Amino acid sequence: YTEIRNAGGSNLLKKEKMQKIIQASGIGKKFGAAQALKDITFEVDKGEIFGFIGPDGAGKTTLIRIITKIFAADSGQIVFDGSDIQTQQYANIGYMPEEKGMYKKMKVGEHLVYLGRLKGLKKSEAQDRSKYWLEKLGAGDWWNKKLEDLSKGMQQKTQFIATVLHNPKLLILDEPFSGLDPVNAEMIKNEIYQLHQQGTTIIFSTHRMEQVEEICKTIALINKGKLILNGEVTAIKQQFKQHKFLISFESLPEIEDNDLFTIDQINGQSVTVQLKSKNDQNQVLQYFINRNAIINAYYEILPSLNDIFISIVNKANHE
């Protein structure tokens, strides 16, 4: 089942059982005396966009490298598509690391064909797919350019093509928009959406909360090597809501703190109020109707993932 869990491990949400492409249980990893990961357990549904979030050094990249067998876990198990992950299954995974692993002296075309063949493609197939993707991303004239002559953003686009060239079932992207200007970031984002619509499962790792909020359905928050929070973005925002409401008026009425709410902010003809009880929504609305206020908008303000992220990490750092 998909669940939201707090740091204490209690179940906060359960949903209908779904097929899993990744099941990780009890993953632990040390580097010398440093505990990089401790008892990490999570699941990724087939066909979803799943986000790893956390501050720099939290353990996100280490966890990804364990999934992709770059590192071996000290403890725990990774199940991929229903069975223990094996070497031959890595043709079904595309991994785009934050650090570029490119052969800088090679030309773009030969680099992509080489990596495609490592993933099991025939030479002609790798060539055709490479040319298709280069054209699709507006880079059709890059074929004979050396990688060392490309800008950081151009290298990032080439790395993305190398990651998706073999049509993987699972796509793992570690900070995929790093080095991209807004136009090219939007282009890659649209390609991610299209791959998702075609059934590709995507694991997306970043510390940029606005990107996670826009792209991911489900997240796992990691801090200091521990899984702090895991669940659907919409449900997590509901869990951490503070019962704040924004009310917009035709003309702002006289307003002051009372038994129903306290005033959080007034901005022009709008006011943000903090309810004293989560059950006071209708009473607050009636409060203003009774004062003959003309209400243009009335809606709850949910916390952003960035607000939740900062709150949880700060709390964890002080425990």
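This text gives an overview of the structure that appears in the document. (Residues numbered from 1 in each chain as written. Predicted model: local features only at pLDDT ≥ 70, side-chain atom pairs only at ≥ 80, totals over all residues. Heavy atoms only, no water.)

## A look at the sheet that holds strand E14 (residues 261-267)
Next, step 1: Spatial strand order, E14-E15-E13-E16: four strands in an open sheet with antiparallel pairing. Edge positions in the open sheet fall to E14 and strand E16 (295-301), since each of these has one partner strand only. Across this sheet, the average inter-strand angle for adjacent strands is 20 degrees, counted without regard to direction.
Next, step 2: Alignment of strand E13 (residues 244-249) against strand E15 (residues 270-275), held across five bridges, turns out to be antiparallel. Its bridge partner lying in E15, Leu 246 is registered against Thr 272. (Pairing = 2+ DSSP bridges. Helix = DSSP H or I, 4+ residues; strand = E, 2+ residues; numbered from the N terminus. Axes fitted to C-alpha atoms, helices over the stretch in contact; angles between N-to-C directions.)

## Structural notes on the nonpolar core
Next, step 1: Within the largest apolar cluster, 46 residues are counted, with the highest numbers of intra-cluster contacts made by Phe 160, Phe 177 and Ile 219.
Next, step 2: Broken down by element, the residue count for this core peaks at five residues, all from helix H9 (residues 305-317).
Next, step 3: The next biggest cluster of nonpolar side chains, apart from the first, holds 25 residues, and it includes Leu 37, Leu 63, Tyr 90 and Ala 220. (Core = buried A, V, L, I, M, F, W, Y, C linked by side-chain atoms within 4.5 Å. Buried < 20%, exposed > 50% of the residue type's maximum accessible area, 1.4 Å probe, protein only.)

## Comments concerning the pattern of salt bridges
Next, step 1: Inspection of the entire model under this criterion finds 14 salt bridges.
Next, step 2: Between Lys 46 and Asp 81 there is a salt bridge; the shortest N-O distance is 2.7 Å. A residue pair is termed long-range when its members are at least 10 positions apart, and Lys 46 in the loop between strand E4 (34-45) and strand E5 (49-53) and Asp 81 in the loop between strand E6 (75-80) and strand E7 (83-84) qualify at 35 residues.
Next, step 3: Taking relative accessible area as the criterion, Lys 46 reaches 35% and is therefore assigned partly exposed.
Next, step 4: The exposure class assigned to Asp 81 is partly exposed, which follows from its relative accessible area of 26%.
Next, step 5: Glu 186 serves as the salt-bridge partner of Lys 189, at 3.4 Å between the closest nitrogen and oxygen. (Salt bridge = Lys/Arg side-chain N within 4 Å of Asp/Glu carboxyl O.)

## Comments concerning the environment of Asp 174
Next, step 1: Examined against the element boundaries, Asp 174 turns out to sit in strand E9 (residues 170-174).
Next, step 2: In sequence terms Asp 174 and Phe 249 are 75 residues apart; their C-alpha atoms lie 44 Å from each other.
Next, step 3: Ignoring anything within four residues of it in the chain, the contact list for Asp 174 reads Thr 61, Ile 64, Tyr 95, Met 96, Pro 97, Glu 98 and Ser 205.
Next, step 4: Here Thr 61 takes part through its side chain, which lies 2.9 Å from a polar atom of the side chain of Asp 174. (Contact = heavy atoms within 4.5 Å. Polar contact = N/O pair within 3.5 Å; in protein donor to acceptor, adjacent residues only side chain to side chain.)

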